[in-house]
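# Geometric and topological summary
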Amino acid sequence: MQVPAPFDYARAESVEDALTLLQRHGPESRVIAGGHSLLPMMKLRLARPEWLIDINDLFELDYLVEDGDVLRVGALTRHATLLGSDLIAGKLPIVTDAERVIADPVVRNRGTIGGSLCQADPAEDLSTVCEVLRAQVVIRSLDGERVVSMEELHRGPYETAVEQDELLTEIRFPIRPRTGSAYEKVERRVGDWAVAAAGASVTLADDGTIADVAIGLTSVGLDGRTATRAEDALRNAPPSEEAFTAAAELAKQDCDPVADQRGPVDYKRHLAAELTKRVLRRAVERAR
Ligand SMILES: Cc1cc2nc3c(=O)[nH]c(=O)nc-3n(C[C@H](O)[C@H](O)[C@H](O)COP(=O)(O)OP(=O)(O)OC[C@H]3O[C@@H](n4cnc5c(N)ncnc54)[C@H](O)[C@@H]3O)c2cc1C
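Nothing here was measured: the structure is a model prediction, and the numbers come from that model.

Now for the nonpolar core. Among the nonpolar cores identified, the biggest contains 33 residues, and Leu117, Val137, Leu153, Ile171 and Phe173 are the most heavily contacted of them. Sort the elements by how many residues they give to this core and helix α8 (residues 125–132) lands first, with 4 residues. The residue makeup of this core includes at least three contributed by each of domain 2 (61–174) and domain 3 (183–287). Apart from the residues within four sequence positions on either side, Phe173 is in contact with Asp69, Val70, Leu71, Val73, Leu92, Ile113, Cys130, Leu133 and Ala135. In terms of nonpolar packing, the next biggest core, distinct from the first, is built from 30 residues, Val195, Val213, Ile215 and Ala283 among them.

Below, the structure written as structure tokens:
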């Protein structure tokens, strides 16, 4: 089925207006941002909202601001804006790495970071990036706002802590000194979803050892978690090829990929290990 079921449509004029509309139209109303995930689901009748609340006029949710040691990103910020930002490339290069390999320019011009995180697709690249960067997200309702971690946001595939009458409004990235980050993905063809991908963020101590590290994997069954055994093995160790290889082996063991049209389990586990090694190497180079 390639035509959505009939629906009504309202264009919100402010965050307050969007929240009022969501409350007025109740459980069958749904926010639409870039529409690149929601509309395909509606065409396939996997989603059948009776009301679409369009938030594309909410320019107040489209920003990138460095605020002390936090980089604040509005939920309506488009992939293309993130990709083109020197601030992002300088402070959070893992985001730029990921944006380079997300879909194509058509999707990147409309798709938003808020929509990506709320879709909670296990193959979604920015979710892994936000987990690795230990981002927090701001969720607003008519009653106020709350700030939650990525672990709290993502409850499972396609399921988040954002309630039907709430909006995700902001993503907050901590900026840490002596920290580098990187993302790498293997896809069957340019613009495709990941066969597997890995992201890492590494903070170096003054003596050059690894003070802190986060490793995330996409599309290989590590949903909503980072590779904690690999991280523990690296913490306080000097960065070296041997340490990266040992950590990559742990990440490979801890992921749980399924065989599908993108490849068998062995291949995906191999990619998990290889990509983990590569992003650790690059993150350490960038931290120096
Ligand atoms: C051909 C194609 C290829 C793609 N390839 C990739 C890829 O390689 N990697 C990748 O990561 N992604 C990929 N995507 C997905 C793309 O990144 C989408 O832009 C993204 O998943 C959703 O963003 P959106 O703004 O379009 O959200 P929408 O489709 O508008 O919304 C998605 C969901 O989030 C909800 N929502 C949106 N914004 C908010 C908000 N602020 N508060 C609360 N709820 C909200 C909606 O109600 C809906 O449930 C691809 C998409 C397409 C069509």
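Pairing within the open sheet is antiparallel, and its 5 strands lie in the order β4-β5-β10-β6-β7. Of all the strands in the sheet, the pair left with one neighbour each is β4 (64–67) and β7 (144–149). The mean inter-strand angle of the sheet, taken between neighbouring strand axes irrespective of direction, is 25°. For β4 and strand β5 (residues 70–74), the ladder comprises 4 bridges, and the chain directions are antiparallel. Note that in β5 the partner of Leu64 across the bridge is Val73.

In this section: the site of the ligand. In the neighbourhood of the ligand, 31 residues make up the surrounding shell, with Val31, Ser37, Leu38, Thr112 and Asp125 lying closest. Between the ligand and the protein, one listed contact pairs a nitrogen atom with a backbone N or O atom of Leu168 at 2.9 Å. Backbone polar atom of Asp192 to an oxygen atom of the ligand: 3.2 Å apart, as the coordinates give it. Sorting elements by how many residues they give to the shell around the ligand places helix α7 (residues 113–119) first, with 4 residues. Partitioning the shell around the ligand into residue classes produces 15 nonpolar, 11 polar and 5 charged.

The subject of this paragraph is the sheet that holds strand β3 (residues 51–54). What links the strands of a sheet is backbone hydrogen bonding, and the strands pair in either a parallel or an antiparallel sense. Taken in spatial order, the 3 strands line up as β1-β3-β2 in an open sheet, and their pairing is parallel. Bordering the open sheet on either side are β1 (8–11) and β2 (29–32), each of which pairs with just one other strand. Ignoring strand direction, the axes of neighbouring strands in this sheet form an average angle of 25°. For β2 and β3, the ladder comprises 4 bridges, and the chain directions are parallel. Paired with Ile32 across the bridge in β3 is Asp54.

Here the protein is described as being made up of domain 1 (8–53), domain 2 (61–174) and domain 3 (183–287). Centre-to-centre separation of domain 1 and domain 3, based on C-alpha positions: 36 Å.

A separate point is the packing of helix α5 (residues 93–100) against α8. With their axes 10 Å apart at the nearest point, α5 and α8 run at an angle of 170° to one another. Comparing their axes, α8 and α5 come out roughly antiparallel. Across the interface between the two elements, Ile94, Val95, Ala98 and Glu99 of α5 pack against Leu126, Val129 and Val132 of α8. Taken together, the residues of the contact of α5 with α8 break down into 6 nonpolar, no polar and 1 charged.

Attention shifts here to the pattern of salt bridges. With the rule as written, the count across this model stands at 26 salt bridges. Residue Arg282 is joined to Asp97 by a salt bridge in which the shortest nitrogen-to-oxygen separation is 3.1 Å. With a gap of 185 residues between them, Arg282 in helix α12 (residues 265–287) and Asp97 in helix α5 connect regions that are remote in the sequence. Residue classification places Arg282 among the partly exposed positions, given a relative accessible area of 23%. Given a relative accessible area of 8%, Asp97 falls into the buried group. Residue Arg229 pairs with Asp254 through a salt bridge whose shortest N-O separation is 2.9 Å. Linking Arg229 in helix α10 (residues 228–234) with Asp254 in helix α11 (residues 241–254), this pair joins segments that are 25 residues apart in sequence.

Right, let's get into α5. Across the 8 residues of α5, 7 count as buried, placing the element largely inside the fold. Of all the positions in α5, only Pro93, Ile94, Val95, Thr96, Asp97, Ala98 and Glu99 are classed as buried.

Before going further, it helps to spend a moment on the side chain of Ser141. On the secondary structure map, Ser141 appears in strand β6 (residues 136–141). Reaching out from Ser141, the side chain makes a polar contact with the backbone nitrogen of Asp143 at a distance of 3.1 Å. Not counting the four nearest positions on each side in its chain, Ser141 is found in contact with Leu19, Asp165 and Glu166.

Criteria and cut-off values
Residues numbered from 1 in each chain as written. Predicted model: local features only at pLDDT ≥ 70, side-chain atom pairs only at ≥ 80, totals over all residues. Heavy atoms only, no water. Core = buried A, V, L, I, M, F, W, Y, C linked by side-chain atoms within 4.5 Å. Buried < 20%, exposed > 50% of the residue type's maximum accessible area, 1.4 Å probe, protein only. Helix = DSSP H or I, 4+ residues; strand = E, 2+ residues; numbered from the N terminus. Domains from an automatic or database assignment. Contact = heavy atoms within 4.5 Å. Pairing = 2+ DSSP bridges. Axes fitted to C-alpha atoms, helices over the stretch in contact; angles between N-to-C directions. Near = heavy atom within 4 Å. Polar contact = N/O pair within 3.5 Å; in protein donor to acceptor, adjacent residues only side chain to side chain. Nonpolar A, V, L, I, M, F, W, Y, C, P; charged D, E, K, R; others polar. Parallel < 35°, antiparallel > 145°, perpendicular 65-115°, else oblique. Salt bridge = Lys/Arg side-chain N within 4 Å of Asp/Glu carboxyl O.

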